[in-house]
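One letter stands for each residue in the lines below.
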Amino acid sequence: MDTPGISLCMIVRNEAQHLEQCLLSVQGMVSEIIIADTGSEDNSMAIARRFGARVVRLPWEHDFSKARNHTLQLASYGWILVLDADEALADWKAEELERLLESEHADGYFLPFIHYVGEGFGCEYTTDNVCRLFRNDSRICFRGSIHEEVASSIWSLPGGHIAYARLTVHHYGYLDDELQCKNKASRNLELIRAALRLEPDSVPLRYALGTEYYQQGQYQAASDLLLPLLEEAQPDSGYTADLYLKTAFALQAGGRPEEAEAIYEAGSIRYADFTDLLESYAGLLLEQGQVWRAYPLLQRALDSGDTAHKYPSSSGSGTYRTRLFAGRVCERLFLYAEAIEHYRQAIGYSPDDLAAWEQLATLCLLSGQAEQLTVFTRQLLPALPRRVLSRLVPAALNARAAPWLAALLAAPQLPEDIRQLLQVLLGTLFRDPEQPRDASAALARMRGDTPDHPWVSGYLWALSCRSGGIATAGQGLGRLAELPPGLAAAHRRLAQQQACPAEHRAGSNRMQERPVASPYAEASHSRLPQCPAEEQEDPSVPAEGSFPAPDIGSLADSEHRTDAPLRSTDCSYAAQLLLQAGAWDTLLLLGRLTGAARFLWSRLPLPLLRGLLDAPVSFRLQWCANYIEQSQHYSLPGDAAEWLLYAALAQSCGQLPQLTSADEQTLLQSGSAAAITGLSYHMLLLAAEVHPESSIPATGSIPWLLLVKSALQGRG
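Each value, and the rule that gives it
Residues numbered from 1 in each chain as written. Predicted model: local features only at pLDDT ≥ 70, side-chain atom pairs only at ≥ 80, totals over all residues. Heavy atoms only, no water. 1 Å grid on protein atoms, 1.4 Å probe; cavity = no way out; pocket = protein on both sides within 12 Å on 5 of 7 lines; lining within 4 Å. Points joined across faces, edges and corners; volume = space filled by probe spheres on them. Helix = DSSP H or I, 4+ residues; strand = E, 2+ residues; numbered from the N terminus. Nonpolar A, V, L, I, M, F, W, Y, C, P; charged D, E, K, R; others polar. Salt bridge = Lys/Arg side-chain N within 4 Å of Asp/Glu carboxyl O. Buried < 20%, exposed > 50% of the residue type's maximum accessible area, 1.4 Å probe, protein only. Expected span 1.5 Å × (residues − 1). Arc of directions from axis to C-beta. Axes fitted to C-alpha atoms, helices over the stretch in contact; angles between N-to-C directions. Parallel < 35°, antiparallel > 145°, perpendicular 65-115°, else oblique. Left-handed = near helix turned anticlockwise from the far one by under 90°. Contact = heavy atoms within 4.5 Å.

Colleague: Explanation requested: empty space enclosed by the protein in the structure shown.
Modeller: A full pass over the atoms with the stated rule returns 5 cavities of 30 Å³ or more. Taken as a whole, the second largest cavity spans an internal volume of roughly 80 Å³. Contributing to the lining of the second largest cavity are 10 residues, with W601, W623, N626, Y627 and Q630 lying nearest its centre. It is helix α31 (residues 617–630) that contributes the most residues to the lining of the second largest cavity, 4 residues altogether. Residues that form the lining of the second largest cavity fall into these classes: 5 nonpolar, 3 polar and 2 charged.

Shown next, in the form of structure tokens:
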């Protein structure tokens with residue numbers, strides 16, 4: 001097949017880093033390459049000549065249109081493609097391109113550009129549509145010294161028409177390293193201000209200046225420039241929709257929410273399917289607590305889908321990102337079934353969406369729908385990256401969700417050492433809970449093979465606690481140095497508690513409290529098995545709610561310390577191991593370590609709360625008794641989640657949860673709709689007990705553990 005009759009026209013300066021990638025991408029798509037060099041000092045031109053480019057020297061006059069138009073005059077083919085060196089075609093097909101060039105109605109084509117932003121290619125991006133493929137016609141030329149464009153010259157032609165072509169172009173110039181290296185912000189501001197001195201009333205130039213301020217986070221300056229343009233910009237300018245979005249968000253970020261809402265509302269009427277604007281509008285309403293108004297906007301965005309062909313957009317708008325947003329809004333509205341479906345849809349678009357997986361798994365586990373989670377996981381198992389598996393495996397272990405864990409075990413991406421451990425846990429602890437001895441023997445063999453894996457020692461410790469208690473665990477290990485530091489600290493404190501229970505009930509040691517940011521905060525960074533190689537593969541992706549690993553000095557020194565502070569992370573790690581190993585007595589003892597110092601079970605990883613509900617009845621009854629004994633210490637609004645967890649465990653044992661006046665005040669003062677809902681459920685339980693013959697329901701429709709989650713996250 002013949003090469004399409006296209007001239008590639010470029011202006012280049014010091015682009016050796018990118019130029020080869022760009023020119024490789026156009027091979028077979030263009031018939032000639034024309035490059036105007038505006039002063040390169042690297043080997044850019046040598047690269048250009050290697051690809052057969054016609055290179056001309058052109059002095060730089062701080063005018064992009066003038067330079068580009070010079071290259072257009074040198075083009076000899078019927079169509080022109082314009083690219084920058086940091087751009088590349090995305091697998092264009094020559095046959096499809098030929099069909100577009102044969103059109104008698106189009107004078108040019110808008111091409112979808114994907115602008116990658118942030119720290120690395122392939123992560124976040126924004127999109128817009130730019131006319132860069134057009135007929136070779138002397139009347140078609142670039143306008144504007146910066147942010148130059150040819151669309152206006154095509155539209156000024158009699159019957160001039162620009163169509164849309166699904167021929168994607170990747171752009172890497174907005175990556176952080178590129179912006180810093182080329183100092184684009186300062187360069188652009190200088191050029192725009194120089195152009196404005198010549199055309200002070202130019203709407204496109206004022207919009208360009210406002211956009212520069214917006215991108216630099218100078219929202220007050222941006223809104224002052226952009227707001228007046230809403231009355232002046234033409235509806236068909238190509239950037240008016242973006243003008244509404246940027247103006248509204250700049251007002252919102254600048255502390256002017258009423259003005260922002262007015263602009264959002266006007267923009268959502270004029271551009272009813274502009275998904276980015278609808279999402280941003282919903283975000284403003286959420287900030288104002290107007291959740292019910294926010295959700296319909298997100299539904300409109302989802303109905304519109306991906307509209308990047310019509311509007312400037314950002315990654316996931318109208319698809320996976322909007323689904324994740326809608327799911328979180330549904331949780332605030334207690335529409336948990338709808339939230340689960342939104343998260344499922346988000347994962348369907350993007351199977352590596354870690355945030356959606358975490359939310360889906362948490363809701364399914366806390367609502368008792370682990371079977372549904374297992375089926376969905378099996379469907380997507382081949383597509384799950386190790387980064388996601390490293391977060392789901394601890395959740396399955398903490399929830400003691402054996403079928404789901406078995407599904408994850410089948411993932412081909414799972415490292416072999418993790419697979420071996422899961423097979424031990426699944427084959428003994430979960431399926432034969434009365435016989436932990438086989439698991440201990442298997443783990444001991446694994447420790448001999450992989451002595452550097454601290455989680456093997458951790459599980460051996462937990463199994464020793466189950467078999468013979470804290471004293472036996474210490475004797476079996478010989479030296480605490482075999483344990484990770486945080487677990488060694490927890491072991492010492494447990495031993496002290498067992499030796500002097502009264503002293504430690506007095507709460508001499510206080511754990512540091514922290515707000516809960518993610519249901520997987522502890523599980524994701526604990527020493528539980530979680531694909532350790534993944535952190536090396538993708539260290540740029542931080543865990544939500546991450547925290548530094550415990551650091552309490554060297555093991556040799558800490559082994560003999562009895563006054564070392566016990567951290568919440570230490571207790572969390574110990575609690576996870578003990579629950580997974582079924583060491584229920586030691587787990588209860590752990591909960592009593594800091595009775596007056598407010599050990600909050602509800603602050604443990606949320607999947608672990610599901611595991612508590614599946615514990616033996618004797619454990620749950622004792623847990624409830626311990627809560628009642630210590631309940632006088634729970635008096636702050638943040639403790640509302642603790643009572644909700646107690647209610648869940650009490651009801652799971654067939655008990656009516658107790659509610660003291662202090663508990664009631666705690667729930668009321670929390671300001672949480674989840675806490676108020678819990679109070680209402682308690683009243684239903686009381687009424688059903690007093691009048692068992694009546695039709696009063698004995699429980700509500702929202703599982704208690706979901707109320708715990710909502711209370712922790714301040715929803716309502």
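Read on for the rest.
Colleague: How should I be thinking about the pattern of salt bridges in this particular structure?
Modeller: Where side chains of opposite charge bring their charged atoms close, a pairing between them can arise. By the definition in use, this model includes 22 salt bridges. Put simply, E87 and R132 hold a salt bridge, and the shortest N to O gap is 3.0 Å. Here the residue E87 occupies a position in strand β5 (residues 87–89), and R132 occupies one in strand β7 (residues 125–135), the gap between them amounting to 45 residues. The buried category is assigned to R132, whose relative accessible area is 11%. Among the charged side chains, a network of salt bridges with common partners joins R68, D84 and E148.

Colleague: Hey, could you run me through unusual backbone geometry in this one?
Modeller: A negative phi holds for most residues other than glycine; trans holds for most peptide bonds. Here the phi dihedral of H147 falls at roughly 50 degrees; this positive angle occurs in a residue that is not glycine. Positionally, H147 belongs in the loop between β7 and α5 (151–155). Note on H147: relative accessible area 42%, which makes it partly exposed.

Colleague: How should I be thinking about helix α15 (residues 336–349) in this particular structure?
Modeller: Within an α-helix, residues lying three or four positions from one another point in the same direction, as the helix has 3.6 residues per turn. The terminal C-alpha atoms of α15 lie 20 Å apart, and with 14 residues this matches the ideal 20 Å at 1.5 Å per residue to within 8%. Those residues of α15 that sit buried are Y336, A339, I340, H342, Y343, A346 and I347. On an axial view of α15, the arc spanned by its buried residues comes to 160 degrees, and they lie on one face. Facing away from the buried surface of α15 by more than 90 degrees, the exposed residues are A337 and G348.

Colleague: I keep staring at the packing of helix α30 (residues 606–613) against helix α32 (residues 640–652) and nothing clicks. Help me out?
Modeller: How two helices pack is summed up by the angle between their axes together with the distance between the axes. Where α30 meets α32, the axes come as close as 10 Å, and the angle between the chain directions of the two elements is 25 degrees. If you check the angle between α30 and α32, you find them roughly parallel. Taken as a pair, α30 and α32 cross one another with a handedness that is right-handed. Along the contact surface, α30 presents L609, L612 and L613, while α32 presents L645, A648, L649 and S652. Among the residues forming the contact of α30 with α32, the class breakdown is 6 nonpolar, 1 polar and no charged.

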